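Below are the chains, spelled out letter by letter.
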Amino acid sequence: MVLSLLKSMVTSSRSAATAEAEHTQKGQGAPRVFDFHGGIHPPEHKALSNRAPLVAAPLPHEVVLPLSQHIGAPAQPLVEIGQRVKTGELIARAQGMISAPVHASITGVVTAIEPRQIPHVSGLEDLCIVIERDGEIDEWARLEAWRDWRQQEAQDLIQRLQDAGVVGQGGAGFPSAVKARVRERHAIDTLILNAAECEPYITADDLTMRTHPEALIEGLEILASLIGPECILIGIEDNKPEAVIALEQAIRARRADKRLPPLDSRLEVVVVPTKYPSGGEKQLIKLLTDREVPSRGLPADVGVVVHNPGTVRAVQRAVCFGEPMISRVVTLTGEALQHPHNVEARLGTAIGDLLRLAAPSASGIARLVMGGPMMGFTLESDALPIIKTTNCLLASSPEAVPAPAVEQPCIRCGMCEQACPAELLPQQLYWFSKSREFDKAELYNLADCIECGACSYVCPSQIPLVQYYRFAKGEIRTAQHEARKSERARHRFEFKQARMAREEAEKEAKRQQRAQAAQKAAAARAETATAADTTSTASAAAPSAPAAATDLKAFKTARAAANIALKKAEKALKAAQDSGESSASDLAALDANVTAAKTRLASAESALKAASEASESAAPAAAGAPTANTATTGAATPAADLKALKTARAAANIAVKKAEKALKTAQDSGEGDIPALESSVTDAKARLAKAEADLKAASEASESAASAAASTSATGAAAPAADLKALKTVRAAANIAVKKAEKALKTAQDSGEGDIPALEASVTDAKARLAKAEGDLKAATDAAGAAQGTDKGPVASAAAGSAQTTDTGAAGSSAGAAAPAAAAPSADIKALKTARAAANIAVKKAEKALARASESGEGDIEDLQTLLATAQENLRAAEVRLNSAQAGSTDATLATKGAGELIPEAPKPAAGSVGRGSMASNVTLSQAEIEASRAENLAKRHKQVSIAVKAAEAAHRKAEAALSETDDENRQRLATKVDRTRRNLEHARESLAEVQALVDAQ
Ligand code: SF4
Ligand code: SF4
C-alpha cells in the first residue's frame, strides 16, 4: 500500500517536476537545461536503497578516526591515550592553509593514537585516533548555536565552518571554509547544489534531500550569504522526484515565512535528464549554465561554486546548532544486503557494523566497494571505518559480480572518446599511460579526467582504462612531489649561500671599519707626532725643549693600556657577580684588581697630562725662537719642517677623503648618523685647510729665508751649503706643487667639475713660486761660487759653525745653545734608545704593510706610503735626538775628566755665531751621521716606492685582464677593482715623482 502510494507519488512528482522544468524552459524561451558531451546510461539500481527511510545508525562501540579525512594537511592530535572525550569535542586541530579539524564522534575514552589502515584507494595506513564508548549516554560538546546566524559576521560564519571541520561530502573532502572564501579571489554569480547523484546505487543525497529539505535550503542561504551569488540552482536528476517535490515545498515554505527576510538570491530547482555523469561538477555546470570550466580550471573561474547536499546540511548544523561534522549519511546497498537503506552514521564507525544493519545475505559479500560501481574502489576489509567522504557501501553478491573480464587489445573503435564527458581522447591517454609516457599524457590533459569510468564502461575490449589513468596520475604526482622537494632543496641551498655571502660581507664591512678606525687613529697619531715634531723642531733654538712626540705617544699608549686593563678587570668582576658562582674571596680579589687598575689609570692620566702641559708650555718659547735662530744663524727653515708639514697636510687630506667616503656610504645606504658624519667632514676639511695654510706659510718663510741667504751671499757673505740645499728643496717642492696644480686643473677640465678659475689661479701662483725659487737658487749658487773664489777658509768655518748650531738644535737636543756643557743623564739616553727602537719597529711594520698591499693590489697604497714616510721621519728624529744626547753625555764625561787636555783647540766660530767650543768635533760627526741617515732613508723610500709602483702596475694589469674575461655577473665588482687599482697606481707614481724630486734636490 505504502509502496504503491510512493510509486504514485514518484510518478506524479516526476511528471510535475518534468512539466515544471519544461514550463520554465518554455517560459524563458530558451532551453534551461543544456547538454554535455558524451555520457552513458548505466542501470541505476537506486531503487534498492531509496525506498527505505533514512535512519540513524546505533552508536558504535568504538570509532576509528583518521586524521586525514580531507584534502590538505592532516590534522594534529590534541588528545592523549586514556583521555575522556565528549561527542563533538575537538581531538585534532587543522594545520596549514588547507586542512580540517577532527572531532570525537562518540563519548568515550581515547584508547589508541596509531597508524591504521584507512579507506583509501591506496590501501595505506594513516594515523588514527581510536575512541571507545564508555556508556550509553551521548554527551555533547557543541559549539555555540547560532539560530539567528544572519546577525553573525561573514568572517565568523566562515570560521565556524572551519572550527566544525566541515568538508565536501561529495568529492575529495575539500574544506568548506576555504571554499567559502572564494569571493576574495573570484566574482561568483551562481551557487549550485549538486543534487544530481548520478552514480548508480547511491541514494544518500536523495534521502538527505527528502528527509531534510528545510535544512538544505537554510544551508544554501548561509553559503549564499558568504558568496553573494545572483542565483542558487539546485541541479537534480529527474530520477529523484520525491526530492524535487520536497525541495520545492521547502522553498515555497521559506518564501511564505514572513518572519524571515526575503531571499536575496533567485533560488530554483532545476531538473536535469538522467545521464551519467551529470553529477560531475563540470558537467552539471555545463548542464545548468552552459559554461565550460577551462582545462585544469575551477568552477570559480566561470563564476560558479558547487556544493553537495550532505555538505550543505553539515553547514546548516554547524552554524545553527553548533554541531561539528561527526556524522554523515551513508547508503548501504548492493545485492548482498537483504535490507539496503541509508543510515546517518557516526564517523569512524566500522563498515562491518554498518553492513550488519543492512542484513548481509547468507551467500556473503563477494565484493565490497566504497562509493558507487563507477567511481568507487574495492575494500579489502570491512573493519575499516567510514570517513567524511564515505557516501556509499556497495556490497555485491557473488551472482552480481561478473567473472573478471580479460583485457583485450584496443581496437581503436573510438567508443571511449564518444562517451568521455571531459572530451578527452581516452585511447591516447591509455597508450601514454601504458607506455609510461607521462609527459604526453599530461599534454593530452590527463589532469582533466574525472575518473568517471564512462570510457571503461563502453570499451568493448574490456580495458580498465581508469586504472591506467589512476596509475599515471599517481606517477605524475610522485614526480611533481620530487621536483618540488628538489626545488625546495635548491631554494634552501641558494638561501644558505646568500646568507653566508651576506654574513661574509658584513664581516668584511666590519673589518673595513676597524681598519679605517685604525688608519684614522694612525693618521691622528701621525698628525700629533708631526705637530709635536714641528714644535720640537721650532723649539730647537729654545733652551727648554718640550717632551718629544714619542714620549707623548708613549704616555698616551700607557693611558690606553691602563684604561683597557680597567675595563677588563671591571668586566671580570661583573661576570663573577652575575654568575653567582664565585666565592667571596674570588670576588674580593677581582675587586682589588679593579681598584689597582683604577690607580694605574689615574697615574697614567697624570703622567700624560704633565707631559702634555710641558709640551704646550714649551711651544710659546719655541714660537719666539725663529727670530733669534734666524738672527743667530741666518739659515732658512729646514727642509725637515716642510716635509713634516707636508705629511700633516697629506694626513689631513686622507682624513677628508675618508670622512667624505663614510658620509657617502651612509647617504647611499640610508644608515648611520648622517649629521654627525657631515660634521666630521666639515671638521676634516677645516683641519686640511689649516694644514695647507701652515704648509704655505712655512714654504713662504723658507723661500724668504733662502732669498735672504742669497742676498747675504751676494753682499759678500759666503752661502753655506745648507742654504743651497734648502733652496734646492724649495725649488723641488715648488716644482711638485706646479705639477699637482696642473693635474688638478686638467682633471677638472676633463670632468667639467670643480672651480676651474680657482684652479687656474693656483697653477699661475705655483708657477710664480717655482720661478722665484729657481731665481733664488741660481743667485745663491752664483754667490757661493764667487765667495769661494775670494775666501774659502773662513767661509768654510762659518758655514760649519752655522750648520752645526742649526742642526744640533733641529735634532732637539736638550742642551741649550747658550749652555753648551749640560750633559744628558744616562736615564734619558736609555729612554731615547727605547724610543729609537720603537720607531724602528714602526718603520718595519709600515714597510711590511706597504709590501703586502703592493703585492695584493688591495688597500690604500697612498695611505700606507704616508704612514711609512711618517714612521721613517719619526725614526730619523729619534736617531738625531739619541745622537745629540749621546754627544752631550760624552762631552760631560770628558769635561769631568779634564777634556781640555785631551781635545785639540777648535777653530774659532764666525763672528755672530754661538758656537760650542770644544764640542765642535763631536757635533760635526753627528751632522755627518744625520746626513747619512737622511740619504739612506731617502734611498730606501725611493726603492720602496719604486717597488710599490711596479706592484701597482701588476695589480692593475691583472684586474684589467680579469675584467675583460668576466661574465656579466661579476662585471660590476671587477670594474670597481680596476678603478681602485688604477687610482693606486696613480698615487704610487705621484709618490715616486715626489721622492725622485727630493733625490734630485739632494
Ligand atoms: S573504447 Fe576501448 S577499444 Fe575502443 S578505442 Fe577506446 S580503448 Fe580502444
Ligand atoms: S574516466 Fe576520464 S577519460 Fe574516461 S570517460 Fe571519464 S573523464 Fe573521460
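Just so you know, these numbers come straight off a predicted model, no measurement behind them.

The rules behind the values
Counting restarts for each chain, with residues numbered from 1 along the sequence as it is written. By the order in which they are written, chains take letters starting at A while ligands take numbers starting at 1. Per-residue local features of the predicted model are confined to residues with pLDDT of at least 70, and side-chain atom pairs are confined, for both listing and counting, to 80 or more; whole-chain, interface and lining totals are unaffected and use all residues. Where side-chain values are given, they derive from all heavy atoms of the structure, hydrogens and water being excluded. Runs of E in the DSSP output that reach at least two residues are strands. Runs of H or I that reach at least four are helices, and both are numbered from the N terminus. Working rule for helices: expected span equals 1.5 Å times residues minus one. Exposed residues in this analysis have more than 50% of their type's maximum accessible area, buried residues have under 20%, and partly exposed residues fall in between, with area computed by a 1.4 Å probe over protein chains only. Any N or O atom pair separated by 3.5 Å or less is treated as a polar contact, with the protein-specific requirement of one donor-capable and one acceptor-capable atom, and with residues adjacent in sequence counted only for side-chain atom pairs. Should DSSP find at least two bridges between two strands, the strands are taken to pair. We define proximity as follows: a residue is near a molecule or strand when any one of its heavy atoms falls within 4 Å of that partner. In this count, Pro and Cys sit with the nonpolar residues alongside Ala, Val, Leu, Ile, Met, Phe, Trp and Tyr, while Asp, Glu, Lys and Arg are called charged and the others, Gly among them, polar. The salt bridge definition used is simple: a Lys or Arg side-chain nitrogen within 4 Å of an Asp or Glu carboxyl oxygen. Contacts: residue pairs with any heavy atoms within 4.5 Å of one another. Only residues whose relative accessible area exceeds 30% and that take part in no salt bridge are eligible for patches, with like-charged residues grouped when within 9 Å of each other and nonpolar side chains (Val, Leu, Ile, Met, Phe, Trp, Tyr) grouped when within 5 Å. To measure how exposed things are, a 1.4 Å probe is used in the Shrake-Rupley method; for residues, cover is taken only from the protein chains shown.

So, about helix 9 (residues 309-320). Along its 12 residues, helix 9 runs 16 Å from first to last C-alpha, staying within 8% of the 16 Å computed at 1.5 Å per residue. Across the 12 residues of helix 9, 11 count as buried, placing the element largely inside the fold. All of the buried residues in helix 9 are P309, G310, T311, V312, R313, A314, V315, Q316, A318, V319 and C320. Structurally, the start of helix 9 carries an N-cap: the backbone nitrogen of G310 is 2.7 Å from a side-chain oxygen of N308.

Next up on the list: the sheet that holds strand 5 (residues 90-93). Two strands in a sheet stick together by hydrogen bonds in their backbones, pointing the same way (parallel) or opposite ways (antiparallel). Sheet architecture is open: 3 strands sit in the order 3-5-6, paired in antiparallel fashion. The open sheet is flanked by strand 3 (76-77) and strand 6 (102-103), the only strands paired with a single partner. Summarising the sheet, strand 3 and strand 5 pair through 2 bridges and their orientation is antiparallel. Bridge assignment links Q76 to a residue of strand 5, and that residue is R93.

The next point concerns the site of ligand 2. Neighbouring ligand 2 are C420, P421, P426, C449, I450, E451, C452, G453, A454, C455, V466 and Y469. Of all the secondary-structure elements, those providing two or more residues to the shell around ligand 2 are helix 14 (454-458) and helix 15 (465-538). Each residue belonging to the shell around ligand 2 can be placed in one class, and the counts come to 10 nonpolar, 1 polar and 1 charged.

Here we come to the pattern of salt bridges. Scanning the model with the defined rule gives 41 salt bridges in all. When the shortest N-O distance is used, the salt bridge between E986 and R982 registers 3.1 Å. Taken together, the residues span about one helical turn, with E986 and R982 both in helix 27 (residues 968-1001) at a distance of 4 residues. Judged by relative accessible area, which is 32%, E986 ranks as partly exposed.

The subject of this paragraph is the side chain of T87. Mapped onto the fold, T87 is located in the loop between strand 4 (84-85) and strand 5. Within the local environment of T87, its side chain forms a polar contact with the side chain of D138, the two groups lying 2.4 Å apart. Ignoring sequence-local partners within four residues, the contact set of T87 consists of A104, S105, I106, T107, D138, E139, W140, A141, I326 and R346.

With that out of the way, let us pick up a nonpolar patch on the surface. A contiguous nonpolar surface patch, about 310 Å² in accessible area, is contributed by I71, M97 and I98. Note on placement: M97 falls in the loop between strand 5 and strand 6.

Structural measurements only, silent on function.
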